[in-house]
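Given next are the chains, with one letter for each unit.
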Amino acid sequence: MDPRLDGIGLTSARTRDRLVERLRAQGIHDETVLARIRDVPRHIFIDEALASRAYEDTALPIGYGQTISQPYIVARMTEAMLERRSPRTVLEVGTGCGYQTAVLAGIVPRLFTIERIAPLLARAKENLRALGVDNVRFRHGDGYEGWRANGPYDGILVAAAPPEVPAELLSQLAPGGRLVMPVGPEGRQVLVRYTRRETGCVREELGPVSFVPLLAGVVGPAGR
Ligand code: SAH
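Values in this document were obtained by computation on a predicted structure and should not be read as measured data.

### Side note on the nonpolar core
Most often, soluble globular proteins have nonpolar side chains that are buried together. Core analysis: the biggest nonpolar cluster contains 47 residues, and Leu23, Ile37, Phe45, Ile68, Met81 and Tyr99 have the highest contact counts within it. Breaking this core down by element, the ones donating at least two residues are helix H1 (13-25), helix H2 (31-39), strand S1 (60-63), helix H3 (71-82), helix H4 (99-105) and helix H5 (118-130). A total of 8 residues in this core trace back to one element, the largest contributor, which is H3. With residues near it in sequence (within four places) discarded, Tyr99 still touches Ile37, Val40, Arg42, Phe45, Ile68, Ser69, Pro71 and Val74. Formed by 19 residues, the second largest nonpolar core is a distinct cluster that contains Trp147, Ile156, Val165 and Val192.

### Things to note about the pattern of salt bridges
What the rule picks out here adds up to 9 salt bridges. Residue Arg203 pairs with Glu205 through a salt bridge whose shortest N-O separation is 2.7 Å. Here Arg203 falls in the partly exposed class, since its relative accessible area comes to 41%. Overall, the relative accessible area of 51% leaves Glu205 in the exposed class.

### Considering the packing of aromatic side chains
Evaluation of the coordinates by the stated rule reveals 3 aromatic pairs. Residues Phe112 and Trp147 carry aromatic rings whose centres are separated by 5.4 Å and whose planes lie at 80° to one another, so their mutual orientation is edge-to-face. On the criterion of sequence distance, the pair formed by Phe112 in strand S4 (residues 110-115) and Trp147 in the loop between strand S5 (136-140) and strand S6 (153-158) is long-range, its members being 35 residues apart. An identical accessibility class is assigned to Phe112 and Trp147; each is buried. Taken together, a centroid distance of 6.1 Å and an interplanar angle of 65° make the contact between Phe112 and Tyr153 edge-to-face. Remark: Tyr153 occurs in strand S6 and Phe112 occurs in strand S4; sequence separation between them is 41 residues. As far as burial versus exposure is concerned, Phe112 and Tyr153 are alike and both buried. Within the aromatic cluster, the residues linked to one another by ring pairs are Phe112, Trp147 and Tyr153.

### Re the site of the ligand
In the vicinity of the ligand lie 27 residues, with Gln100, Glu115, Asp142, Gly143 and Leu215 positioned nearest. Glu115 has a polar side-chain atom sitting 2.6 Å from an oxygen atom of the ligand. In this structure, Arg116 approaches the ligand through a main-chain N or O atom, which is 3.3 Å from a nitrogen atom. Contact with the protein chains hides 99% of the accessible area of the ligand, taken as 580 Å² for the molecule alone. Counting only elements with at least two residues in the shell around the ligand, the list comes to strand S2 (66-68), strand S3 (89-93), H4 and S4. In terms of residues, the shell around the ligand owes the most to one element, S2, which gives 3 residues. Looking at the shell around the ligand residue by residue, the classes come out as 14 nonpolar, 9 polar and 4 charged.

### Focus on the sheet that holds S4
Backbone-to-backbone hydrogen bonds join strands into a sheet, with any given pair of strands oriented parallel or antiparallel. Read from one edge of the open sheet, 7 strands run S5-S4-S3-S6-S7-S8-S9, paired in mixed fashion. Pairing within the sheet leaves two strands with one partner each, and these edge strands are S5 and strand S9 (200-209). Across the sheet, the mean angle separating the axes of adjacent strands is 15° when strand polarity is ignored. Of the pairings in the sheet, the one linking S6 to strand S7 (residues 173-183) comprises 4 bridges and is parallel in character. Bridging across to S7, Ile156 finds its partner in Leu179. Packed onto the sheet, H3 meets S3, S6, S7, strand S8 (189-197) and S9 and runs at close to 155° relative to S7.

Each value, and the rule that gives it
Residues numbered from 1 in each chain as written. Predicted model: local features only at pLDDT ≥ 70, side-chain atom pairs only at ≥ 80, totals over all residues. Heavy atoms only, no water. Core = buried A, V, L, I, M, F, W, Y, C linked by side-chain atoms within 4.5 Å. Buried < 20%, exposed > 50% of the residue type's maximum accessible area, 1.4 Å probe, protein only. Helix = DSSP H or I, 4+ residues; strand = E, 2+ residues; numbered from the N terminus. Contact = heavy atoms within 4.5 Å. Salt bridge = Lys/Arg side-chain N within 4 Å of Asp/Glu carboxyl O. Phe/Tyr/Trp six-rings, centres within 6.5 Å; stacked < 30°, edge-to-face > 60°. Near = heavy atom within 4 Å. Polar contact = N/O pair within 3.5 Å; in protein donor to acceptor, adjacent residues only side chain to side chain. Areas by Shrake-Rupley, 256 points an atom, 1.4 Å probe, with all protein chains shown as cover. Nonpolar A, V, L, I, M, F, W, Y, C, P; charged D, E, K, R; others polar. Pairing = 2+ DSSP bridges. Axes fitted to C-alpha atoms, helices over the stretch in contact; angles between N-to-C directions.

Keep in mind that these numbers describe shape and distance, not what the molecule does.
Listed below in structure tokens is the structure:
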């Protein structure tokens, strides 16, 4: 096994336990989600220079102007998708370094993930391989389009904010399926949850958030 996976000192299992207790104190109550956050070594997803901050509940830079999501947000979104459901097929948009992907992959049977920046996607693949995760399929592409061929999805999670919810993503939801994502311009984003019902989609607002923007088109493979 990769020796980095264990962690020592500020990247140890005890440090992760403290993170989980903080998430609990902030209202995260889904035990499946909390257990998975405790299991995933977040420090392997970030630069070694920042590894000692891996279990602070904060977003950190991962290059290309992007960030690894804050654990609280990963937990909150995952919990919102899971509530009273057992999603089997899930789409994630905005793989980044793969942290949220790793959390989800331990909870849902089939996961599809899309990232527009090729070098980040390559890094995410490596990270997930190191963790032995093998139920994820990756796509270098534009998340605005979703991934229709593998849908419809019981859950769709988006880790970047568009001005408005893309109709294409809503159309890839299975009956009863949920789309959880940030929407709105910088400084005024809200986390929303759409649930597909026979009569259309129900929209709920889950509170203010701060994400990088969802951008159209792809960047890569050389980081152009
Ligand atoms: N889920 C990641 C967070 C990544 S930040 C984690 O756990 O760390 C958001 C990511 O969304 C960035 O990597 C960014 O490149 C990506 N992104 C932005 N717009 C996108 C789009 N249209 N399609 C796919 N990915 C996109």
